[in-house]
Amino acid sequence: MTLRHPDAIGGLAVVALGVVVLAGALTTPDVQFGVVGPAVLPSVFGILVVLSGLWLTAVSLQADPPVSEALDARHLTLAVIAVALYFAAFVPLGFIVSSVAFFFGLSWILGSRAVLRDAVASVGFVLALYVLFERLLTVDLPGGVLPL
Amino acid sequence: MDMLGALAGGFATALTPQNLLYAFIGVLLGTGVGVLPGIGPALTISLLLPVTFGLDPVPAFIMFGGIYYGAMYGGSTTSILVNTPGESSSVVTAIDGYQMAKRGRAGAALATAAIGSFVAGTIATVGLMIGAVALVGLAVRIGPPEYFAIMILALLSVTGLSGSSVPKALFATAFGLALGLVGMDNQTGQLRMTFGISELEDGIDVVLGAIGLFAVGEVFWVASTWRAQQDEERQTLRGPARMTRDEFGRSIAPWMRGSVIGFIIGVLPGAGAAISSFMSYAVERRVSKHPLEFGKGAIEGVAGPEASNNAAAGGNLVPLLGLGIPGSGTTAVMIAAFQIYGLQPGPLLFDQRPDLVWGLIASLYIANVALLILNLPLVGLWVKLLDIPKPLLYAGILVVSAVGVYSIDRRPSDLAVVFALGVLGFLMRRYDYPIAPLLLGLVLGPLIDLNFRRGMIMTDGSVLTLLARPGTAAILAAGLILVLVPQLVRLYGRVSGRRELASLGEIDD
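Residues numbered from 1 in each chain as written. Chains lettered and ligands numbered in written order. Predicted model: local features only at pLDDT ≥ 70, side-chain atom pairs only at ≥ 80, totals over all residues.

1. Focus on the environment of Pro446 of chain B
Residue and element names in this part refer to chain B. Filter applied, for reference: A run of H or I in DSSP counts as a helix once it spans at least four residues, and a run of E counts as a strand once it spans at least two, with each numbered from the N terminus. The burial criterion counts other C-beta atoms lying within 10 Å of a residue's C-beta, which is placed from the backbone; the residue is buried at 20 or more, exposed at 12 or fewer, and partly exposed between these limits. We call two residues in contact whenever the C-beta atoms placed from their backbones are within 7 Å.
Take Pro446: it is sitting in helix H18 (residues 436-458). Exposure remark for Pro446: the 18 C-beta atoms within 10 Å place this residue in the partly exposed category. Residues within four places of Pro446 in sequence aside, it is in contact with Gly180 and Leu181.

The structure is reproduced here in structure tokens:
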């Protein structure tokens, strides 16, 4: 009995998530208000998550591991890092600088090599969005390092 | 309630030149974003939500009517011209639509989809009006226990219909419900599951859920399959989008049947557009005089499912407007649009803001007409959107996502939540967990909690008394039946030997 099936590991991860939910639920102060306190349903949902994880693992132990699709770990990692950096830089660097850099960077990561076109597209797209939201729709976007 | 008088009032609101313009802009934006491959209706609405932030509620909702129907329609263009449609509600259309396009009949397929969507949208909007008003009448007689039961029914059916493994669907539902309860409890002021993180005290907005799970998750998915991806097959549109007399004649009955099937299935909480288009396809194949054409480019196989897909969109709004309960991922996002304006859809809204509710309903009629007027002439423009290079498309989606997330509360921590949900969405997609139940749970969590606790006060803390009320018992019994239906449907698919039908994947609308 091994954990060769991805669902076996997935099931254990689900159990862990359920334990986190339960921990959050059980540390909620159960003040008496009405008949059902604030911690009751979160606990029920946490238990359901744990049970679903156990169920998933149990089922997968009897199943043959599926032929897994190829995972392009390199491109995935790069994309995850790019999005993380973008979201982290969105406010400090500001919408325009962070978005232009991210747009160009992610296009490159996803295989586009038309450098000039992508540069024009990233600047044009981001500036158009800026005008639309900041000027027309009065949504206040972070200015960041640019003196806007 | 004087329905026609109220509707006339709605049209008076919606037909001012300014509001008419918003309806048209909504249709254009909804269709344009909906056409983009990989963007389903729920994500389309989430991405376009910030566009309405600067508006007053009435024009905002009129624009939303347009966005909603436009987003529902937009997918059909992609599924006819590209063999790998992004959204599951269009999977069925792709079976025969793409074959038609391969034979050079793309124009006819697009035309039958557009006119069918108009027919279905109009029928469904009439049904929506009658159905929602009837539900409002009913709603004053039912209490928290029944509301609780209806939401359980919605979750049971979306879980049962997800086509995934039961434990995976159970996880998605229960975890979504738990995420929905993160933050301050409205009834006691206690913080739940925030783990001391003050940014979580306001809870997790459903828009963050939709953008994280669908947009960010999708980009990670695309990156992870980059090496395996081949150039997609695409057909071009030659000539205008037009049907021959014969093709038109063959489309009429499927439009009608598809509209009825779609609306009825759409009203049922939890059953979305994907299921209805699939049922319509099965019906058309069965009643057709030339069933062998199906799978090889039968126009009925496009006309019926496309009509039912759009009728389901109208049907989905019945429980949303009538009871305030979303029955699908897409309407879960719609509820967020209401909440941004501090509004709660449901019976009370009909009383308090009739201008808004009836303005929205009138704008749905207008959106339908606008779709018909705009789509056939503009189909060339929609097709051009498919030429956007994929890397630029995904980069653009994420930039718009970041703007959308930030514009909700101007809170950088929301971006972190979206990132985490994106990772979760990617893992769920890779390992075949259904995502729609999670999104629905996120919205229903607080509503279930509220109604369960209120109901328990009514029954003095007895769960049995709560469940044994005639209304609750009947609704829950109906839920169990709904869970069994998809198993029968799948069996039917297997018996008739149609692999595409039997293996109909997850519902992500």
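2. Some points on the packing of helix H3 (residues 41-48) of chain B against helix H13 (residues 329-340) of chain B
All names here are of chain B. For the record, the criterion: Whenever a helix is involved, its axis is fitted only over the stretch in contact; in every case the axis is a line through C-alpha atoms, and angles between N-to-C directions fall within 0 to 180 degrees. An angle counts as roughly parallel when it lies under 35 degrees, as roughly antiparallel when it exceeds 145, as roughly perpendicular when it falls between 65 and 115, and as oblique in every other case. Take the far helix as your reference; a near helix turned counterclockwise from it by less than a right angle gives a left-handed crossing, and one turned clockwise gives a right-handed crossing. Note on residue categories: nonpolar means Ala, Val, Leu, Ile, Met, Phe, Trp, Tyr, Cys or Pro, charged means Asp, Glu, Lys or Arg, and polar means any other residue, Gly included.
Between H3 and H13, whose axes approach to 8 Å, the crossing angle comes to 15°. Compared by their axis directions, H3 and H13 come out roughly parallel. Note that H3 runs across H13; the crossing there is left-handed. Here H3 contributes Pro41, Ala42, Ile45 and Ser46 to the contact with H13, which in turn contributes Gly329, Thr330, Val333 and Met334. Of the residues belonging to the contact of H3 with H13, the class tally is five nonpolar, three polar and no charged.

3. Some thoughts on the environment of Tyr68 of chain B
All names here are of chain B. Following the sequence through the fold, Tyr68 ends up in helix H4 (residues 57-81). Separated by 56 residues in sequence, Tyr68 and Ala124 place their C-alpha atoms 13 Å apart. Contacts of Tyr68, omitting those with residues within four sequence positions, involve Gly30, Ile45, Ala313 and Met334.

4. Concerning the domain arrangement of chain A
Short version of the rule: Note that the domain bounds were set by an automatic or database domain assignment.
Domain parsing of chain A yields domain 1 (6-62) and domain 2 (73-136). A C-alpha centroid distance of 38 Å is found between domain 1 of chain A and domain 2 of chain A.

5. Side note on the interface of chain A and chain B
Taken together, the contact between chain A and chain B spans 61 residues of the former and 58 residues of the latter. At the level of elements, helix H1 (6-26), helix H2 (40-62), helix H3 (73-89), helix H4 (95-109) and helix H5 (115-136) of chain A are the ones that each hand at least two residues to the side of chain A that touches chain B. Here the side of chain A that touches chain B is built from residues that sort into 43 nonpolar, 13 polar and five charged.

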